[in-house]
Amino acid sequence: MKNIFKKALLFLLPLGIFTACGTNNSKSNSALAEGAAEKVYVKPGDHDEFYAFVSGGFSGQLAVYGLPSGRLFKVIPVFSQDAEKAYGYNEETKPMLNTSFGFVPWDDAHHPDISQTAGELDGRFLFINGNNTPRIAKIDLTTFETTEILEIPNSAGNHSSSFVTENTEYVVAGTRFSVPIPQKDMPIKDYKGNFKGSLSFISVDPKDGAMDIKFQIIMPGFNYDLSHPGRGDSHGWFFFTTYNTEEASTLLEVNASQNDKDFIAAINWKKVEAFVNGGGGKKMATNYAHNVYSDETHSATSTMRKEVTVVDPRDIPGAVYLLPTPKSPHGCDVDPSGEYIVGNGKLSSNLTVHSFSKMIKAIEAKNFDGDAYGIPILNFEAINAGTVQQAGLGPLHTEFDGEGNAYTTFFISSEVVKWKLKTWEVIDRKPTYYSVGHLMIPGGNSRKPFGKYALAMNKITKDRYLPTGPEVTQSAQLFDISGDKMELLLDFPTIGEPHYAAGIPANLIAPKSKKFYALEDNKHPYAVKSEADTRVERKGNDVHIYMTTIRSHFAPDNIEGIKVGDKVYFHVTNLEQDYDVPHGISMIGANTSELLIMPGQTETFTWEPKKVGVWPFYCTDFCSALHQEMQGYVRVSPSGSNTKLSWSLGEDIE
Amino acid sequence: MKKSKILMFVGVLLLGSLFVLPLWNISLEAPQYPEAIGMNIHINKIADMNPSDIKNINIMNHYVGMKDIPEVLPEFKIFPYVIIAMMILGLIIAFKLNYKWYLAWFIVMCLLGTAGMYDFYLWEYDYGHTLRENAAIKFQNPDGTPLAYQPPLLGTKTILNFVAHSYPRSGAYLLFTGMLLSLIAFFQGKKGS
């Protein structure tokens, strides 16, 4: 108990100082407001300079914004059903949300990261983690759609994820919660020494981006919180922050805050990779889903995988070290040169920076302070590059501008602090509104940050926007960081609670954006490519409607011979081959969502008619001058009646 | 070889470009189509300016009752033979006959070209005037006659929400150059004699 009081006192004292500081800053903000408006104004018809992909946290989605305008372009469903796009509702994308626990239509989406080549953003794919039921998703940046989801076995709370190495060799998925591996029925109080943490390295196929768990490192039962890859000289290493090195299982706010120093786990993944390639590691039986969406069949398949390679770090000398880092570090950030590893101790007011070159020297000199479960702990002084003293309260995350400056967010004192690498001096600080989490500089997790803007993501907004009941929007704040001092330019609301974002210059993605799917490449098993091929087929109680859409009609638009008790599949192909001309379809009483079908695409929804009658369907996406006329009817006869199955378009039914 | 002969020879060869390059282009701009859509007219086919443009023009035009743009016209079967015949004739002239024939060849080309343009006009007229009775949208001129959707033969014209452009393309420019060369060859030959 004494400890808690001490800590509270520690926080209160500097809080006064920083609050005063914040007041001064907010005054200067209003003086700059006019210039700020010009800097974020993007004229009608003009395009933004950057894309920002902002995670949606508990919405399970990913929102795409333009910077500097803060305009919302698209919400990409990833770990969430989305009725707007039928994702997770239509037959084609339901398999995307399959897991070893069955259909899990939600997750907690945290950290997006964009693929890299030679340490620079290449704009091909974006990866994002599902925290709750551990998963990694891949989004194709030509279509802005989720095209692959891989479940992570032996993991729980997939938080230190999904960051990529500098040639996208690997995406990582580190477990936040340690668990029994393999899972078993055991007393929770026996956590210590028995629970384990897995760090998964998922290889990414350089050609098509296909993901595959190459190996899992089975680590001591700490909580693995965040991570970043090495780059430059430290390429080949990955760094993971830990907390709860106490290995407590209950009342963690107290019990996991006792050690003065936790660790950053430094993983030499090239060494582990060589070990595994040489036949090392153990094949472990398990069960996890691998879901892949194809742009050719316009459908996803879900495959259950039964095996994963696990490695014990003690079997690979020199592959894993622990870097002591004060005090429950959260963010783990590596500067663009790869030399500095910043561990933000969220219960510390100082920032601790480790030096990669010193780390290597300490390893060579075997400068160890003991070990944890056989993993060497390096001597703190030997690896420490410097400390930013009393920078703020509750440091969380650091990004870099590529000019030798670092920007750290402080959750408790609600501010962004700019400081200098090597001299460790604070240069500037700006308040945020309020309780800032992550910060994003486009290209932040690469060798080449585009240090023009920084985007702060805030957990709380209170008085910043019009109130919307008890739940107010979360927020992002845009700073101009091109000068010596940061300048607040813009607030804009976000979807869900934004955890992290990835930013990229628009010109790396926009020219490659897909305009429509070529109909001749459509390999969907139920696709029809011309109105002449449209038809209705009955197989027992299943009725398959092969339907097409084009401005402004469905083919067929009159269908008879459907009976109560049937299961009707609407397989709808959009015959359009024009940019930005999707068609939608919905059926009265269908227990699912509409479809939104892109040009050249086929999608399917099911309808189980429960009432006799003549029931309409219609186009849900305004498509043309005669959109309102784009509709049709299905006649539903009683179960067991002998109404002939028939269909037509533009003629009388015989 | 004489300069006039070379000019005539090159001029005739330039006709061959018509088998590769488009002769004419009609494109349409509208607020909904900031990147214009259109078709390239070759001597033997009508082709998309950008992928699936003709399909999209047909989709739009069907609202006012216009026919689909045909993939092949009867003329497309004749035109290539005419060009081949004129090339063979031109080469015979270039190698075997004197400069006076160059002018004759040029005049025949002019006549054929004019006939071609007239044929093109007739097709455009039919395409723009022959509308289906049951068209969804029927626009009228101020005098009550049905609106016609004929694209311009040459130039730019506004049709409802579209601005239609009709201009020669690279194949036509090379054809004109070839014809011009035959004319220069004639004067060169005349000067030389």
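Our structure's up above, just so we're on the same page.
Residues numbered from 1 in each chain as written. Chains lettered and ligands numbered in written order. Predicted model: local features only at pLDDT ≥ 70, side-chain atom pairs only at ≥ 80, totals over all residues. Heavy atoms only, no water.

1. Some words on the sheet that holds strand β2 (residues 61-67) of chain A
All names here are of chain A. With antiparallel pairing, 4 strands are arranged side by side in an open sheet as β3-β2-β1-β34. Each end of this open sheet is capped by a strand with a single partner; those strands are β3 (72-77) and β34 (501-505). Direction aside, the axes of adjacent strands within the sheet are offset by 20° on average. Two elements, strand β1 (residues 50-55) and β2, share 6 bridges in a ladder whose sense is antiparallel. By the bridge assignment, A52 is partnered in β2 with Y65. (Pairing = 2+ DSSP bridges. Helix = DSSP H or I, 4+ residues; strand = E, 2+ residues; numbered from the N terminus. Axes fitted to C-alpha atoms, helices over the stretch in contact; angles between N-to-C directions.)

2. As for the environment of G174 of chain A
Residue and element names in this part refer to chain A. Structurally, the position occupied by G174 is in strand β11 (residues 170-175). The spatial distance from the C-alpha of G174 to the C-alpha of Y465 is 36 Å, given a sequence separation of 291 residues. Once residues lying within four places of it in the same chain are set aside, the contact partners of G174 are G157, N158, H159, S160, S161, S198, L199, Y224 and F240. (Contact = heavy atoms within 4.5 Å.)

3. Some thoughts on the sheet that holds strand β30 (residues 436-440) of chain A
To summarise the sheet geometry, strands pair through backbone hydrogen bonds and adopt either a parallel or an antiparallel arrangement. All names here are of chain A. Within the open sheet, the 4 strands sit side by side as β30-β31-β32-β33. Their pairing is antiparallel. Every other strand in the sheet has two partners, leaving β30 and β33 (487-494) as the edge strands with one partner each. Taking the axes of each pair of neighbouring strands and ignoring which way they run, one obtains an average angle of 25° across the sheet. Pairing analysis gives 7 bridges linking strand β32 (residues 474-480) to β33, with the strands arranged antiparallel. Its bridge partner being in β33, S475 is matched across the sheet by P493.

4. A short note on the pairing of β11 of chain A
Side-chain positions along a regular strand alternate between the two faces of the sheet. Residues and elements named next belong to chain A. Within β11, 6 of the 6 residues are buried, which leaves it mostly tucked inside the rest of the structure. The alternating pattern of β11 places Y170, V172 and G174 and V171, A173 and T175 on opposite faces, both of which are buried. Pairing of strand β10 (residues 158-164) with β11 involves 4 bridges; the strand directions are antiparallel. By the bridge assignment, N158 is partnered in β11 with T175. The antiparallel hairpin formed by β10 and β11 contains 5 residues in its connecting segment, where T168 sits at a positive phi of about 55°. Bridge count for β11 against strand β12 (residues 196-204) is 5 bridges, and the pairing is antiparallel. Note that in β12 the partner of Y170 across the bridge is S203. (Buried < 20%, exposed > 50% of the residue type's maximum accessible area, 1.4 Å probe, protein only.)

Nothing here speaks to function; it is geometry throughout.
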